[in-house]
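Read off the chains here:
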Amino acid sequence: MTEETPVPGLDPVAARRWLLREHATSPWLNEEVARRMMDRLQWFREPPASWLHWEPLVGGLEAHRSLTERLPQARCLVSAEDPRVPGRLQGRAGRSLRSLLGWGSSRAPAVAGPDARVSMLWANMVLHQESRPQSLLRRWHGHIDVGGFLMFSCLGPDSLGELRAVYQEQGWPPPAHSFTDMHDWGDMLVQAGFAEPVMDMERIVLTYSSAAAMLDELRGFGRNLAAVRFRSLRGRGWRTRLESTLERHGPRDGQGRLTLGFEIIYGHAFKSAPRPRQGESQSVSVDEMRAMLRNRRA
């Protein structure tokens with residue numbers, strides 16, 4: 001896959017439409033993944049002096065609040081593809097997006113510009129719905145200071161396996177596009193200029209009392225972004241048929257509840273100083289030199 005080649009089977013128009021859709025809250029699964037990813041911050045010797053939350057509505061509003069509390073001295077920035085997000089965040093009251101993201105406080109985050117640099121870039125549950133991930137990884141690399149790091153999570157290829165199996169048995173188009181393996185993410189991180197990528201994964205299995213409950217929750221998690229999905233609007237009869245099929249053929253646990261698994265991939269990688277090729281001199285900016293000196297003192 002080259003930088004210009006979209007992810008095979010992922011509809012980029014549908015992906016962008018879902019990203020720009022107005023969301024009142026963040027999916028609870030994303031919040032849970034963020035909480036688990038937050039535990040990995042203890043692996044780093046020094047807390048970041050600044051951090052950038054990429055797509056906070058996707059990454060988790062509660063997660064953002066928890067991170068600002070965990071990193072009280074760190075400067076915080078946010079980046080959102082939807083230009084309406086800052087206005088919506090500033091326009092809420094009480095325990096709203098505004099308060100959850102810290103707007104109006106002494107440490108209010110600013111919207112990250114194209115030249116913003118931070119010690120840590122935090123991207124929770126974003127990459128699996130990005131049609132051009134290598135391009136995005138390069139953008140992230142450009143936002144991180146030398147010596148800084150990226151932390152991210154996304155869905156892996158074993159996600160929704162039970163649902164995919166039912167769809168395949170019925171001869172239906174897939175319920176979601178194919179997700180990328182963690183080893184491929186590691187390779188793409190290196191290609192984007194990151195160093196020392198570390199990848200790991202875990203499986204989260206959710207259970208449901210009914211197919212209707214499963215489908216309702218899945219709608220909150222996202223949409224089917226597969227390019228070969230059924231294109232027309234489905235009627236009430238389709239929903240009834242789908243629920244009936246899942247009730248009959250969906251796998252169940254020991255208590256008789258329907259099960260659905262999600263493979264969660266976690267990754268982090270550092271931005272190291274650029275290495276000159278043999279016979280070439282190295283050019284380092286003043287900001288990069290300052291960052292390297294700070295890291296050596298630490």
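Everything numeric in this text was worked out from a predicted model, so none of it was measured.

Peer 1: Help me understand the packing of aromatic side chains, please; the structure alone is not making it clear to me.
Peer 2: The geometry of two aromatic rings is summed up by the distance between their centres and the angle between their planes. In total, this model carries eight aromatic pairs according to the counting rule given. For the pair Phe 44 and Phe 149, a centre-to-centre distance of 4.0 Å together with 10° between the ring planes defines the contact as stacked. With a gap of 105 residues between them, Phe 44 in the loop between helix H2 (28-38) and strand E1 (50-54) and Phe 149 in strand E5 (residues 144-155) connect regions that are remote in the sequence. Each member of the pair, Phe 44 as well as Phe 149, is classed as buried. Look at Phe 44 and Phe 270: their rings are 5.8 Å apart centre to centre, the planes differ by 65°, and that puts the pair in the edge-to-face class. A residue pair is termed long-range when its members are at least 10 positions apart, and Phe 44 in the loop between H2 and E1 and Phe 270 in strand E7 (residues 258-270) qualify at 226 residues. Judged by its relative accessible area of 13%, Phe 44 is buried. Grouping aromatic residues by their ring pairs yields a cluster made of Trp 28, Phe 221 and Phe 262. Here the basic side chain of Arg 40 rests over the ring of Tyr 266, its NZ or CZ set 3.8 Å away from the ring centre.

Peer 1: Explanation requested: the nonpolar core in the structure shown.
Peer 2: The tendency in soluble globular proteins is for nonpolar side chains to be buried side by side. Membership of the largest hydrophobic core comes to 42 residues, with the highest contact counts inside it found for Leu 41, Trp 122 and Phe 262. Ranked by size, the runner-up nonpolar core spans 27 residues in total, among them Leu 77, Ala 112, Val 118 and Met 182.

Peer 1: Hey, could you run me through the pairing of E5 in this one?
Peer 2: In regular strands, side chains alternate between the two faces of the sheet. Along E5, eleven of the twelve residues are buried, which leaves the element largely enclosed by surrounding structure. Where strand E4 (residues 118-124) and E5 come together, six bridges link them in parallel fashion. In the strand pairing of E5, Ala 123 is matched with Phe 152. Following the chain from E4 across helix H7 (residues 133-143) to the adjacent parallel E5, one finds a crossover that is right-handed. As judged from the seven bridges shared by E5 and E7, these two strands associate in the antiparallel manner.

Peer 1: It is not clear to me how the packing of helix H8 (residues 161-170) against helix H11 (residues 236-249) should be interpreted in this structure. Could you clarify?
Peer 2: In helix packing, the relevant descriptors are the interaxial angle and the interaxial distance, both defined with respect to the helix axes. At a closest axis distance of 11 Å, the pairing of H8 and H11 adopts a crossing angle of 110°. On the basis of the axis angle, H8 is roughly perpendicular to H11. Between H8 and H11, the residues in contact are Leu 163, Val 166, Tyr 167, Glu 169 and Gln 170 and Trp 238, Leu 242, Thr 245, Leu 246 and His 249, respectively. When the residues that make up the contact of H8 with H11 are grouped by side-chain class, the tally is six nonpolar, three polar and one charged.

Peer 1: Explain the pairing of E7 here, please?
Peer 2: Taking burial as the measure, the 13 residues of E7 include twelve buried ones, the bulk of the element. Where strand E6 (residues 195-208) and E7 come together, twelve bridges link them in antiparallel fashion. Within E7, the position partnered with Ala 195 by the bridge is Phe 270.

Peer 1: In this structure, what is going on with helix H1 (residues 12-20)? I would like to understand it.
Peer 2: Since one α-helical turn is 3.6 residues long, residues separated by three or four positions face the same way. For H1, the set of buried residues is Ala 14, Ala 15 and Trp 18. All buried residues of H1 project into a common sector of 100° when viewed along the axis, lining one side. Facing away from the buried side of H1 by over 90 degrees, the exposed positions are Val 13 and Arg 17. Buried residues along H1 sit in contact with helix H10 (211-221).

About the cut-offs
- Throughout this document, residue positions are counted from 1 along each chain, in the order its sequence is written.
- In view of the model being predicted, local features appear only for residues whose pLDDT reaches at least 70, and side-chain atom pairs are presented and counted only at 80 or more, with totals across whole chains, interfaces and linings using the full set of residues.
- Side-chain figures throughout are based on the complete set of non-hydrogen atoms in the structure, without hydrogens or water.
- Centres within 6.5 Å make a pair out of two Phe, Tyr or Trp rings, where for Trp the six-membered ring is used; the pair is then stacked when the planes are under 30 degrees apart, edge-to-face when over 60, and tilted otherwise.
- Helix numbers and strand numbers start at the N terminus; a helix is a DSSP run of H or I with at least 4 residues, a strand a run of E with at least 2.
- In this scheme, a residue with accessible area under 20% of its type's maximum is buried, one over 50% is exposed, and one in between is partly exposed, where area comes from a 1.4 Å probe on protein chains only.
- Charge over a ring is defined by NZ of Lys or CZ of Arg lying within 6 Å of the ring centre and within 35 degrees of the ring normal.
- Here, nonpolar core means buried Ala, Val, Leu, Ile, Met, Phe, Trp, Tyr and Cys residues that are tied together by side-chain atoms lying within 4.5 Å of each other.
- By this definition, two strands are paired if DSSP reports at least two bridges between them.
- Looking down the strands as they point away from you, a crossover is right-handed if its path from the first strand over the helix to the second goes clockwise.
- Axis geometry follows a simple rule: fit a line to the C-alpha atoms, using only the stretch in contact for helices, then measure angles between N-to-C directions, giving values from 0 to 180 degrees.
- Any angle that is under 35 degrees is reported as roughly parallel, and any over 145 degrees as roughly antiparallel; angles of 65 to 115 degrees are reported as roughly perpendicular and all others as oblique.
- Contacts: residue pairs with any heavy atoms within 4.5 Å of one another.
- Following the grouping adopted for this structure description, the nonpolar residues are Ala, Val, Leu, Ile, Met, Phe, Trp, Tyr, Cys and Pro, the charged ones are Asp, Glu, Lys and Arg, and the polar ones are all others, Gly among them.
- What the arc covers is the set of directions going from the helix axis to the C-beta atoms.

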